[in-house]
Amino acid sequence: MTMTSNFTNTPSNPNPAPSRRTVLRAVMYTAAAVPFGLPLAACATGGGDQGEESASPTGSADATNPFGMAADTTVDAVIFDGGYGVDYVEFAGKVLAGLHAGSSVKVSPSTQIATELQPRFVGGNPPDLVDNSGAQSIGFNTILDQLEDLTDIIDAPNVEGTVIRDTLYEGVLAPGTYGDKFAALNYVLTVYGVWYSGSLFEKNGWTPPATWEEAKALGAEAKSAGKYLFLWGTEAATYYQTLAIESAIKQGGDEVRLALENLEPDCWSNDSVQATFAIMKEIIDLGYFKPGGSGTQFTAAQAQWSNKEEALLYPSGSWIENEMKDQTAPDFQMKGVPSFSVTASPAMPATALHSTAGEPFIVPSQAKSVAGGKELLRVMLSKESATNFSKTKLAPTIVKDIVPADGFGSTALVSQTEMLSAAGTDIFTFNFVNTYGMNQEQLPIWNSFLDGKKSVADLTKELQAITDRIANDDTIEKIEVS
Amino acid sequence: MTAIPGRALPASEDALAGPGSGPRKRRIGKASFDSVSFFVVFLGLPLALFLIFVIWPFVQAAFYAMTDWSGFSAEFNFVGLSNFSALLTDPRFINAVGNSVMFGIFIPLVTIAIALTFAILITVGGSARGQIRGVRGSGFYRVVSLFPYVIPAIAVGIMWRLILDPSNGLVNGVLTALGLDRFESFAWLGNVSTAMPVTMLVVVWGFVGFYMLLFIAAIKGVPSEIYEAARIDGAGRMRTSWSITLPLIRDNVQTAYIYLGITALDLFVYVQALNPQGGPDNSTLVMSQQLFRTAFTEGKFGYASAMGVAMAIVTLVFAALVFTVNRLTGGTSERGRR
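These figures come from a predicted structure and were not determined experimentally.

## Here we look at the nonpolar core
Thinking step 1. Formed by 123 residues in total, the largest nonpolar core has its most connected members in A:Y187, A:W212, A:Y240, A:L313, A:L376, A:M380 and A:W446.
Thinking step 2. Counting residues per element, this core draws most heavily on strand β6 (residues 185-197) of chain A, at eight residues.
Thinking step 3. In this structure A:M380 touches A:Y88, A:V89, A:A92, A:L129, A:Y187, A:F361, A:S385 and A:A386, once residues within four positions along its chain are discounted.
Thinking step 4. Ranked by size, the runner-up nonpolar core spans 51 residues in total, among them B:M200, B:I216, B:L265 and B:V286.

The following block contains the structure:
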């Protein structure tokens with residue numbers, strides 16, 4: 001803008017034609033004038049209206065409408081369109097519309113939660129309910145103070161009239177609790193384990209391993225049958241990190257878990273972690289991993305396990321059955337076992353299980369209808385909606401006593417229920433990888449390790465470097481785990 | 001001053017101004033409908049669009065680069081230049097800059113070398129007798145070589161990822177069929193030594209056709225008499241290419257180099273399709289990928305904006321370097337053209 005002042009002092013051009021100079025000058029004038037005419041709201045952060053929260057319309061609250069959702073509300077729900085799709089929320093939306101005549105639910109599927117909702121959070125008009133999941137989810141430490149505490153949902157009666165808290169599995173609220181705020185309701189119960197084909201194992205007389213030594217022995221048998229023990233895909237190499245951490249926690253107990261969770265120095269050098277890495281490295285060096293995983297797209301790799309049966313075992317969460325539904329060999333009979341123990345005498349029993357609730361649903365405080373978002377969650381936690389989910393997705397929700405003994409015909413679902421009941425109270429989970437968004441950085445390291453190009457020492461050093469960098473970065477808010 | 005004497009505005013200007021405009025006096029700044037509408041349509045509109053959609057976001061990015069804005073709330077604090085000083089010691093960003101620079105050096109070099117060779121073959125590389133012409137079937141090659149450019153970048157990336165798949169890909173299928181057993185399940189995109197060259201190859205494959213076409217157009221602009229004269233003087237095809245073609249289309253090569261360099265310094269779509277997690281040991285992680293990750297998965301928009309500013313600076317430095325090198329080696333970009 002200061003540039004123009006130089007130009008206004010130039011003498012008039014005697015030539016009236018739009019010569020280069022007059023054109024240039026006009027450019028300058030226009031350049032100077034346009035920004036003033038711009039509304040300030042064009043600024044990316046200019047739209048946030050802090051007063052909107054109080055404007056959230058509410059109706060009167062009672063047992064059938066505990067949050068006082070206003071009449072004729074259209075609940076705006078943005079749902080991650082991943083392994084579970086969005087139709088289970090649409091189902092709950094129809095139930096909600098049936099309960100509250102006039103109200104309805106608008107479900108918008110999205111695979112890019114963070115990029116799509118970022119402007120809406122800044123602009124102060126976020127949706128009423130968000131399934132903040134998937135690779136592009138919003139980091140919880142960035143939006144925590146903009147979320148509703150959902151404890152009142154847990155204390156409300158469900159559609160059938162029972163208090164919701166009494167209908168849930170133990171410990172399912174923990175993963176959504178940040179400090180003292182219950183900010184995210186994780187809807188789906190995920191069981192982590194090692195998955196295999198029941199029919200293939202039966203045909204060959206194999207038994208699924210319970211320790212890493214047994215796994216190594218099985219690897220030799222797989223090799224003689226022209227198969228591999230494990231395989232992996234490049235975007236999912238850290239599934240083996242999850243498996244390793246599970247084994248280490250089972251071996252060393254809670255102290256291993258807490259050291260990793262709280263980003264302690266040398267947490268990756270813990271004996272239990274090292275013992276797990278060492279036996280994994282042994283198996284890698286024996287050639288029991290299918291080579292080329294670091295260049296294979298992960299669902300293509302998973303199909304080599306579930307469809308072509310080139311490898312015997314695959315470590316994953318229980319979403320794997322639904323994810324590979326269309327690419328699983330007929331009569332595969334997917335079953336799971338808990339992650340392996342390192343030695344025969346671990347700190348936790350062999351049945352101990354990594355299980356946690358996933359698919360975090362959040363209700364932004366600035367949403368137009370906070371009550372509507374909560375009401376939709378309440379409906380989703382009803383017996384009808386939860387049964388619909390388990391039946392169509394073949395996965396358990398956090399609502400207990402939903403899955404019948406035949407697991408709706410799914411061997412994997414039966415196997416999950418069995419693992420859960422066998423584990424009893426020995427259920428653990430860990431969150432540090434997701435809390436601090438480490439996965440992206442850990443992937444290349446694990447790809448190289450599984451490829452046989454890294455020693456255990458390299459692996460340890462590089463994983464520790466990531467942990468240390470985050471631990472020492474004061475701009476990252478730490479969440480103390482106990 | 002490029003105004004040509006004697007080409008002042010037609011007399012109609014005064015006529016348009018209508019009666020009452022007083023004695024015939026030349027005035028500047030008197031707004032006639034003609035000049036106002038001209039300015040509005042050809043200056044005001046494009047300039048406003050440019051300012052709103054290009055310059056204003058630049059200014060905003062530069063501003064946010066000096067804040068700790070998380071990107072998901074309307075609140076932020078001003079932190080001065082600390083984001084930039086953090087960038088200088090961020091090993092992840094430095095690695096990304098290094099990778100981007102490697103792409104920025106090699107992709108333009110290889111693309112232009114291949115494109116230029118093909119362009120020369122197609123335009124003047126034909127028979128040494130008779131009229132100056134390209135190799136036989138040049139029209140066919142010209143059309144075919146443009147095909148890759150027509151495919152969207154993301155499709156190119158996904159297609160090559162399938163071609164390079166270790167177990168079921170075309171490349172390893174052909175290589176193992178030829179008896180090269182060590183390529184069975186070889187992960188081209190999963191090895192530090194091959195991931196970057198292979199990524200470069202895919203990008204070059206996508207761009208060669210277009211730049212070949214650009215050079216063909218440039219070579220067609222060179223009068224064929226010059227080639228005929230050179231041929232009479234006994235210059236062979238190599239000699240003609242080096243001493244006649246190249247100097248005469250030098251400006252086009254420079255422009256192509258800068259465009260390609262800017263593409264190579266960004267490259268987001270290709271690397272995201274080929275190696276979304278950054279490649280083995282982050283060997284193909286580029287600045288734009290690291291920026292996206294910082295903004296959306298780590299929730300640090302302020303810091304990411306600083307990366308954006310740094311990226312713009314790297315790109316400008318690159319363009320300046322190309323200009324300087326061209327000038328120092330005797331280029332003609334600033335002198336005597338006009």
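Still more to cover.
## Observations concerning the pattern of salt bridges
Thinking step 1. A complete count under the given rule lists 22 salt bridges over all chains for this structure.
Thinking step 2. Of the charged contacts, one joins A:R469 and A:E441 as a salt bridge, the two residues approaching to 2.5 Å between their closest N and O atoms. With A:R469 in helix α19 (residues 456-472) and A:E441 in helix α18 (residues 439-450), this pair connects stretches of sequence that are 28 residues apart.
Thinking step 3. Residue A:R469 is classed as partly exposed on the basis of its relative accessible area of 23%.
Thinking step 4. Note that B:R92 is salt-bridged to B:E298, the shortest N-O span being 3.0 Å. Here B:R92 is found in helix α4 (residues 91-123), whereas its partner B:E298 is found in the loop between α13 (287-297) and α14 (301-328), with 206 residues between them in sequence. Here the two residues B:R92 and B:E298 agree in accessibility, since each one is buried.
Thinking step 5. Each of A:E441, A:R469, B:D90, B:R92 and B:E298 takes part in salt bridges that share partners, so that together they form one network.

## Describing helix α3 (residues 87-99) of chain A
All names here are of chain A.
Thinking step 1. Here α3 spans 18 Å end to end across 13 residues, near enough to the 18 Å set by a 1.5 Å rise per residue.
Thinking step 2. Of all the residues in α3, the buried ones are Y88, V89, A92, G93, V95 and L96. Looking down the long axis of α3, one finds its buried residues gathered within 160° of arc, a one-sided arrangement. For α3, the exposed residues lying more than 90 degrees away from the buried face are K94 and G98.

## Regarding the pairing of strand β9 (residues 353-362) of chain A
Residue and element names in this part refer to chain A.
Thinking step 1. Most of β9 is tucked away, with ten of its ten residues classed as buried.
Thinking step 2. Summarising the sheet, strand β3 (residues 129-131) and β9 pair through two bridges and their orientation is antiparallel. Bridge assignment links V130 to a residue of β9, and that residue is I362.
Thinking step 3. Pairing geometry for β6 and β9, over seven bridges, is antiparallel. Looking at the pairing, Y192 lines up with H354 of β9.

## Considering the side chain of B:T199
All names here are of chain B.
Thinking step 1. Relative to the helices and strands, T199 is located in helix α8 (residues 192-220).
Thinking step 2. Residue T199 is classed as buried on the basis of its relative accessible area, which comes to 2%.
Thinking step 3. Residues contacting T199, with those up to four places away along its chain left out, are F103, L189, V271, L274 and T284.

## Some details on the packing of aromatic side chains
All names here are of chain B.
Thinking step 1. If you walk through the whole model with that rule in mind, you get 49 aromatic pairs over all chains.
Thinking step 2. Seen in terms of ring centroids, F72 and F301 are 6.1 Å apart; in terms of plane orientation they differ by 85°. Their pairing is edge-to-face. Placement of the pair is F72 in the loop between α2 (33-64) and α3 (82-88) and F301 in helix α14, with a sequence separation of 229 residues. Each member of the pair, F72 together with F301, is buried.

## Quick notes on the packing of α4(B) against helix α11 (residues 250-266) of chain B
All names here are of chain B.
Thinking step 1. One way to put it is that α4 packs onto α11 with a least axis distance of 8 Å and a crossing angle of 140°. Judged by the angle between their axes, α4 and α11 are oblique. Between α4 and α11 lies a crossing whose hand is right-handed. Residues S100, V101, F103, G104, I105, I107, P108, L109, T111, I112 and L116 of α4 pack against V253, A256, Y257, L260, G261, A264 and L265 of α11.
Thinking step 2. Its residues placed into classes, the contact of α4 with α11 shows 14 nonpolar, four polar and no charged.

Rules used throughout
Residues numbered from 1 in each chain as written. Chains lettered and ligands numbered in written order. Predicted model: local features only at pLDDT ≥ 70, side-chain atom pairs only at ≥ 80, totals over all residues. Heavy atoms only, no water. Core = buried A, V, L, I, M, F, W, Y, C linked by side-chain atoms within 4.5 Å. Buried < 20%, exposed > 50% of the residue type's maximum accessible area, 1.4 Å probe, protein only. Helix = DSSP H or I, 4+ residues; strand = E, 2+ residues; numbered from the N terminus. Contact = heavy atoms within 4.5 Å. Salt bridge = Lys/Arg side-chain N within 4 Å of Asp/Glu carboxyl O. Expected span 1.5 Å × (residues − 1). Arc of directions from axis to C-beta. Pairing = 2+ DSSP bridges. Phe/Tyr/Trp six-rings, centres within 6.5 Å; stacked < 30°, edge-to-face > 60°. Axes fitted to C-alpha atoms, helices over the stretch in contact; angles between N-to-C directions. Parallel < 35°, antiparallel > 145°, perpendicular 65-115°, else oblique. Left-handed = near helix turned anticlockwise from the far one by under 90°. Nonpolar A, V, L, I, M, F, W, Y, C, P; charged D, E, K, R; others polar.

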